[in-house]
Structures are given as C-alpha cells and as structure tokens.
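Read off the chains here:
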Amino acid sequence: MYKRRAQWRLKGTKRPVVKTLKKDIKKVKKIGGPKNGGERTVYLQKPKANYPTKRFVKKRPAKNVFSKHQRKVRSNLKPGTVLILLAGRHQGKRVVLLKSLSSGLLLVTGPFCLNSCPLRRVSQRYVIGTSTRVDLGDYKVPETLDDAYFRRLKLNKQKKSAEGDIFATKKERFVPNEQRKKDQKEVDAVVLKAIKAHTDGKFVAKYLKSMFALHSSQYPHRMRF
C-alpha cells in the first residue's frame, strides 16, 4: 500500500494545515420571568417535527399524445429506394418506396403490374433498404395518399334473425373502390417511367419481379443489399 499510494513522494514534505472554523450549533437565549432561570440554550437549526412521507414531490408534466410524437425514419430510406418486405401478405417481395407518412409508416408500391403489390403502408421495422434506387425526380406523391386514405371503413353487419339459416356464414371481403384503382394506375405509371429511364431498367424490372429468400449457409447480417 505504501508503494501503491506513492507515499514515498510525500516523505520530507509537509502539507499546510488548513484550519476550519467551527460553527456554533447552539446559542444562549435570555428568557424573562423569575421562574425560568433567565437563560436557556437553544439549537440554531431546529429539527422538523414532521417529515413528509415522500420527499421532493413534483408535478409531472402531461405526457404528449402518441399521435404528436416525432417520427424518425432511417437515413437510407429515401423516396425511390427499393425495399425488401419481411412480413405480411407480400413477404419477400421487392417494392419501391414513395414517401414516409406522418404516422412514421412508409408508403410503398410494387408496382402492381410487376409483382402484384399495391399501394401499402409498411413499418420500417419490417423492411430492408437496398442500395438499388429508382430516380423519381421531382415527382410528389398526392397529399390525398395519407394515413386516413388507408383507413378501412367498418361495414354495417346485418343482425341475424331467429329464423335465419344457421349454416349461412358469409364473410364480407375488402374490395378496392374505383378511386383506389385510379390512384394505383397513376402512381405506377410514374414509377414504371422512372424504371425505364434507369440505365439498367430491364434488370431493375426483373429484380422487382423476383422474390427474396434465404437458403442454407446464408446469413442476412453478412450480406450487402
């Protein structure tokens, strides 16, 4: 310990002694009245009689609503980037990123004529961003294509009558309306034009048509996309 603390350095040197002034804790207080003794020693800082059960109780600020939270998108996810979907109905397909919505979800399209993937919202957690990119130029996605656009309307279900057929179980399927079909064609036309203008347009089209899958001895963390 003598060597560790290097006490050999302090040999022969004297440190200056700093004198600290002691503060009085008590003081003598004069008290009037013949039966009180005339004087009494009193503490300068009187201890509290009560202590709160919880110290430093502060008013907490109201939490921000989840819809008002700031959304952040990965730096490599820019409009025109080709993405690989990792989950959902279109798992394994390659799609083109159009823009990021206010909810933090990504708006993507197949295009539909290449791989049957329509305009969809996808979370960036279930997406791999590739180095392949399609130049969309100055094209701006219509403002109507927002989160409210993709919200499904609840269909009014008819109440079953007592005399109704027990075995009649028909499930109502979602069918896209004419407006959606029109928007799909308009967006896909712009994306297809950008793919054709690409230097390797034929290969990009084939790349979007092909499915992504991992074989044995293939690891995604070792791959470059």
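Scroll up to find the structure this text is about.
Numbering of residues starts from 1 in each chain and follows the order in which that chain's sequence is written. Residue-level local features of this predicted model are given only where pLDDT is at least 70; pairs of side-chain atoms are given and counted only at 80 or more, and the full residue set underlies all totals for whole chains, interfaces and linings. Hydrogens and waters are ignored; side-chain quantities use all the structure's heavy atoms.

Colleague: What exactly am I supposed to notice about the sheet that holds strand β5 (residues 106–109) here?
Modeller: The strands making up a sheet associate through backbone hydrogen bonding, with each pair oriented either parallel or antiparallel. If you walk across this open sheet you meet the 5 strands as β6-β5-β4-β3-β7, and the pairing is antiparallel. Each having just a single partner strand, β6 (120–122) and β7 (127–133) make up the two edges of the open sheet. Mean inter-strand twist for the sheet, computed between neighbouring axes without regard to direction, equals 45 degrees. Note on pairing: two strands pair once DSSP finds at least 2 bridges between them. Helix and strand assignments come from DSSP, with helices taken as H or I runs of at least 4 residues and strands as E runs of at least 2, each series counted from the N terminus. As paired elements, strand β3 (residues 81–85) and strand β4 (residues 94–100) share 3 bridges and run antiparallel to each other. When the sheet's bridge partners are listed, Ile84 is paired in β4 with Arg94. Strands β4 and β5 of the sheet are contacted by helix α2 (residues 178–197), whose axis makes an angle of about 80 degrees with β5. Residues are treated as being in contact if the distance between any of their heavy atoms lies within 4.5 Å. Here the axes come from fitting lines to C-alpha atoms, over the contacting stretch only for helices, and the angles between their N-to-C directions go from 0 to 180 degrees. Relative to β4, helix α3 (residues 201–209) is tilted by about 95 degrees, and along the sheet it contacts β3, β4 and β7.

Colleague: Got a minute to help me understand α3 in this structure?
Modeller: An α-helix turns once per 3.6 residues; consequently, residues spaced three or four apart project the same way. Those residues of α3 not exposed but buried are Gly201, Val204, Ala205 and Leu208. Projected onto a plane normal to the axis of α3, the buried residues spread over an arc of 100 degrees and lie on a single side. In α3, the exposed positions angled more than 90 degrees off the buried face are occupied by Lys202, Phe203, Lys206 and Lys209. Residues of α3 that are buried in the fold lie against β3, β4, α1 (112–115) and α2. Using a 1.4 Å probe on the protein chains alone, a residue whose accessible area is under 20% of its type maximum counts as buried, one over 50% counts as exposed, and one in between counts as partly exposed. Arc definition: directions from the helix axis to the C-beta atoms.

Colleague: Explain the environment of Val95 to me, please; I cannot follow it from the model alone.
Modeller: The residue Val95 is located in strand β4 in this model. Counting along the chain gives 22 residues from Val95 to Cys117, while the straight-line C-alpha distance between them is 7.6 Å. Setting aside anything within four residues of it in sequence, one finds Val95 in contact with Thr81, Val82, Leu83, Leu85, Val108, Thr109, Gly110, Cys117 and Leu208.

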